[in-house]
Amino acid sequence: MHIPDGFVSLPVNLVNAGISLSVLGYALKRVSNDENNREKLPLVSVFAAFIFAAQMLNFPVVSGTSGHLLGGFLASLIIGPWYSFILMSVVLFLQCFGFADGGVIALGSNIFNMAFIGGVFTYWIYNAAVKLFKIKRFNAFLIGFFSWFSVVLSAFFCSLELVISNTSKPEMVFPAMLSIHALIGIGEALITVSVVGLVYKLMPELFVRLRNEN
Amino acid sequence: MRINRDYKRVFFLFFIISIFLAVFLSPFASSSPDGLERVAESKNFINKEVESHGFDLFEDYNFKFIKNEKVSTAFSGFVGTIGVFFITYFIFKLISKK
């Protein structure tokens, strides 16, 4: 869902860049105030590398269309939303400047859609659901659902930006974007549930800590 | 959180998985357009795309100086994954407490 330049108008990109920069500033502050940030350093770095590598693996969804992991929600589950936001911003920044994946002017929009909406915002809703249903342990269904939702919600905001930019009509872009990403989201859910399940099994204390911190 | 045996195990496991995915699986990933590109094609706004350039040493996950496409993608994946690892480490180290 990396938006190239030309799809989204300059004002929309500027607003998104402004929001992304503000969130980044806040995330940097939160991470630097976290007393465990030193210990999390290797874990954050390895999951940044993992998400970059996994994003290269486009899987076929329907004929002639592929999708790949976004990973923002996955990173939020493992190291928390603020670490996730910075990590995703780093990945998107490098993809944009080193690999020509996602436009330079659209970088703010891509960070907003995938790092903020897909990573942080979806995690907030997930966290509210965890508290509401008093979920104490790893719940594959809930994690799977919100992984899927993170992709669909990112696609929704991406479509909204395309519509505001006058690139396409809402009745054309919303159904097309949401339906294809509803399929891609199944891949996101399968990968996220497997990875988080594995990490939970190998390192249960991580999830106890996350629950207490957020 | 402590850096104990469990932590180290997760770290090394995912380090190896990441390199494996980037080097051995990425050359075989689907080259079909992704969801957004597909929609842009079918709804006729793909022509609005404007080329923009960063440094693009690895444009579209290919390293210009390697002719073989699969080797080129594997090499880009390797450099990218290691690069993301160290750059992330460096950035978080800068903002972390002693």
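Refer to the structure above for everything that follows.
Thresholds, definitions, all that
- Residues numbered from 1 in each chain as written.
- Chains lettered and ligands numbered in written order.
- Predicted model: local features only at pLDDT ≥ 70, side-chain atom pairs only at ≥ 80, totals over all residues.
- Heavy atoms only, no water.
- Helix = DSSP H or I, 4+ residues; strand = E, 2+ residues; numbered from the N terminus.
- Rg over C-alpha atoms; globule rule 2.2 N^0.38 Å.
- Buried < 20%, exposed > 50% of the residue type's maximum accessible area, 1.4 Å probe, protein only.
- Contact = heavy atoms within 4.5 Å.
- Areas by Shrake-Rupley, 256 points an atom, 1.4 Å probe, with all protein chains shown as cover.
- Lys, Arg positive; Asp, Glu negative; His and termini not counted.
- Charge placed at Lys NZ, Arg CZ, Asp CG, Glu CD.
- Buried area = accessible area lost by both parts, 1.4 Å probe.
- Salt bridge = Lys/Arg side-chain N within 4 Å of Asp/Glu carboxyl O.
- Polar contact = N/O pair within 3.5 Å; in protein donor to acceptor, adjacent residues only side chain to side chain.
- Nonpolar A, V, L, I, M, F, W, Y, C, P; charged D, E, K, R; others polar.
- Expected span 1.5 Å × (residues − 1).
- Bend = angle between axes of the 7 residues up to and from the residue.
- Patch = residues over 30% accessible without salt bridge, like charges linked within 9 Å, V, L, I, M, F, W, Y side chains within 5 Å.
- Core = buried A, V, L, I, M, F, W, Y, C linked by side-chain atoms within 4.5 Å.
- Phe/Tyr/Trp six-rings, centres within 6.5 Å; stacked < 30°, edge-to-face > 60°.

Asks: Break down the overall build of chain B for me, with residues and values.
Replies: In terms of regular secondary structure, chain B is built from three helices and zero strands. Its helices and strands in sequence order give chain B the pattern α-α-α, from N to C terminus. The C-alpha radius of gyration of chain B comes to 18 Å, more than 25% above the 13 Å expected for a compact globule of 98 residues. When the backbone C-alpha atoms are referred to their principal axes, chain B occupies close to 55 × 30 × 25 Å. Across the 98 residues that make up chain B, the buried fraction comes to 39%. In chain B, 44% of the contacts between residues at least 6 apart in sequence involve partners at least 24 apart. Surface accessibility of chain B: about 6200 Å² in total, with carbon and sulfur atoms responsible for 63%. Charge centroids of chain B, computed over 13 positive and 10 negative side chains, lie 16 Å from each other.

Asks: Kindly report on the interface of chain B and chain A, identifying the contributing residues and their values.
Replies: Contact with chain B, which involves 61 residues of that partner, is made by 75 residues of chain A. Summing the contributions of chain B and of chain A, the shared interface buries around 6000 Å²; its carbon and sulfur component is 71%. Applying the counting rule to chain B against chain A returns zero salt bridges. Taken together, the links from chain B to chain A amount to 18 residue pairs in polar contact (both at pLDDT 80 or more). Elements that contribute at least two residues to the side of chain B that touches chain A include exactly α1 (5–25), α2 (35–42) and α3 (69–95) of chain B. The residue makeup of the side of chain B that touches chain A, split by class, is 31 nonpolar, 16 polar and 14 charged.

Asks: I'd love a proper account of helix α7 (residues 170–202) of chain A, names of residues and values included.
Replies: Counted at 1.5 Å a residue, the expected span for α7 of chain A with its 33 residues is 48 Å, and the 45 Å between its end C-alpha atoms agrees. Ala182 of chain A marks where α7 of chain A bends most, by close to 30 degrees.

Asks: Explain the environment of Val31 of chain A to me, using residue names and the numbers behind them.
Replies: The topology assignment puts Val31 of chain A in helix α1 (residues 10–33). Using a relative accessible area of 0% as the deciding quantity, one classes Val31 of chain A as buried. Put simply, Val31 of chain A and Tyr83 of chain A are 52 residues apart on the chain and 6.6 Å apart in space, counted from C-alpha to C-alpha. Beyond its immediate chain neighbours, meaning those up to four positions away, Val31 of chain A contacts Asn37, Trp82, Tyr83 and Ile86 of chain A together with Phe92 and Ile95 of chain B.

Asks: Would you mind going over a nonpolar patch on the surface in detail, with residue names and values included?
Replies: All names here are of chain A. Together, Val62, Leu183, Ile186 and Leu190 make up a nonpolar patch on the protein surface, roughly 340 Å² of accessible area in all. Top element by residues in the nonpolar patch is α7. It accounts for three residues. With respect to the secondary-structure elements, Leu183 resides in helix α7.

Asks: Explain a negative patch on the surface to me, using residue names and the numbers behind them.
Replies: All names here are of chain B. On the surface, Glu37, Glu49, Glu51 and Asp60 cluster together into a patch of negative charge. Along the chain, Glu37 falls in helix α2. Judged by its relative accessible area of 37%, Glu37 is partly exposed.

Asks: Explain the pattern of salt bridges residue by residue, including any values.
Replies: Residue and element names in this part refer to chain A. Taken as a whole and judged by the stated rule, the model has three salt bridges over all chains. Note that Asp34 is salt-bridged to Lys40, the shortest N-O span being 2.5 Å. We note that Asp34, like Lys40, is buried.

Asks: I'd like a rundown of unusual backbone geometry, residues and numbers included.
Replies: Notably, Asn166 of chain A is not glycine yet its phi reads approximately 65 degrees, a positive angle. Tracing the backbone shows Asn166 of chain A in the loop between α6 (140–164) and α7. By relative accessible area, Asn166 of chain A is classed as exposed at 63%. Phi is positive for Tyr61 of chain B, close to 60 degrees, though the residue is something other than glycine. With respect to the element layout, Tyr61 of chain B can be found in the loop between α2 and α3. Classification of Tyr61 of chain B by relative accessible area gives buried; the value is 14%.

Asks: Give a detailed account of the nonpolar core, specifying residues and quantitative values.
Replies: Core analysis: the largest hydrophobic core is formed by 99 residues, its most contacted members being Leu43, Phe47, Phe50, Ile78, Leu87, Tyr126 and Val199 of chain A. Looking at this core, the element that brings in the most residues is helix α4 (residues 81–99) of chain A, giving 13 residues. Once you skip the residues sitting within four places of it in the chain, Leu87 of chain A turns out to touch Val44, Phe47, Ala48, Ile51, Ala75 and Ile79 of chain A together with Phe92 of chain B.

Asks: So, the packing of aromatic side chains: which residues are in play, and what are the values?
Replies: All names here are of chain A. This structure, assessed with the given rule, holds 37 aromatic pairs over all chains. With a centroid separation of 6.1 Å and 65 degrees between ring planes, the pair formed by Trp82 and Trp124 is classed as edge-to-face. On the criterion of sequence distance, the pair formed by Trp82 in helix α4 and Trp124 in helix α5 (residues 107–132) is long-range, its members being 42 residues apart. For Trp82, a relative accessible area of 11% translates into the label buried. By relative accessible area, which is 38% here, Trp124 ends up partly exposed.

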